[in-house]
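Reading the structure
Residue strings, one per chain:
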Amino acid sequence: RLATFPMRLQETLDTDHVEQVLQALASFQARNGYYSPLAQYGKVQSVQVNNGAVHVDFAPGMLEQCGSEQEKTMLLRSIVATLHALEEVQTLHLYEDGEPIPLTKEQAEVHTDWFLP
């Protein structure tokens, strides 16, 4: 189950809010039983935000590092759920080294009973 973890983001003029959130997820150090699947498996190569359309490109091999389909699903769900919770995100497109990541229904679903950041 996804859960929130407290983290303070420093606002900067040169970094988009979506990118700041992804960077925070990617750098989160596991503690108190909480961990970020993105910190374990992925590295964000680029983030583009244009009128609510968000395109995130991850480093090659991110999905291959997942040891099981369940880990892969949790990784993708954590990204989708976190970014979906941001007001400025209308559509989300995920890529791995420029190639689109096809999401299954289970990976793309955002349940209202999840604890989101």
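Residues numbered from 1 in each chain as written. Predicted model: local features only at pLDDT ≥ 70, side-chain atom pairs only at ≥ 80, totals over all residues. Heavy atoms only, no water.

Remarks on the packing of helix α1 (residues 17-27) against helix α3 (residues 69-84)
Here α1 crosses α3 at 145 degrees, and the two axes come no closer than 11 Å. As for how α1 packs across α3, the hand of that crossing is right-handed. Across from Val18, Val21, Leu22 and Leu25 in α1, the residues of α3 making contact are Ser78, Ile79, Thr82 and Leu83. Grouping the constituent residues of the contact of α1 with α3 by class yields six nonpolar, two polar and no charged. (Axes fitted to C-alpha atoms, helices over the stretch in contact; angles between N-to-C directions. Helix = DSSP H or I, 4+ residues; strand = E, 2+ residues; numbered from the N terminus. Left-handed = near helix turned anticlockwise from the far one by under 90°. Contact = heavy atoms within 4.5 Å. Nonpolar A, V, L, I, M, F, W, Y, C, P; charged D, E, K, R; others polar.)

Side note on the confidence of the model for the chain
Predicted coordinates in areas of low pLDDT are best not read in detail. Summary statistics for the chain give a mean pLDDT of 81 and a share of 82% for residues scoring 70 or more. Of all helices and strands in the chain, the one with the weakest mean pLDDT is helix α4 (residues 105-108) (78), whereas strand β4 (residues 99-100) scores best (94). Below pLDDT 50 for its whole length, residues 112-117 participates in 16 contacts with residues either more than four positions away or in separate chains. (pLDDT = per-residue confidence, 0-100.)

Section: the environment of Gln48
Summarising the element assignment, Gln48 is placed in strand β1 (residues 44-50). Exposure remark for Gln48: the relative accessible area of 51% places this residue in the exposed category. Residues Gln48 and Val18, 30 residues apart in the sequence, show an inter-C-alpha distance of 8.8 Å. Dropping the residues within four chain positions of it, Gln48 is found in contact with Ala53, Val54 and His55. (Buried < 20%, exposed > 50% of the residue type's maximum accessible area, 1.4 Å probe, protein only.)

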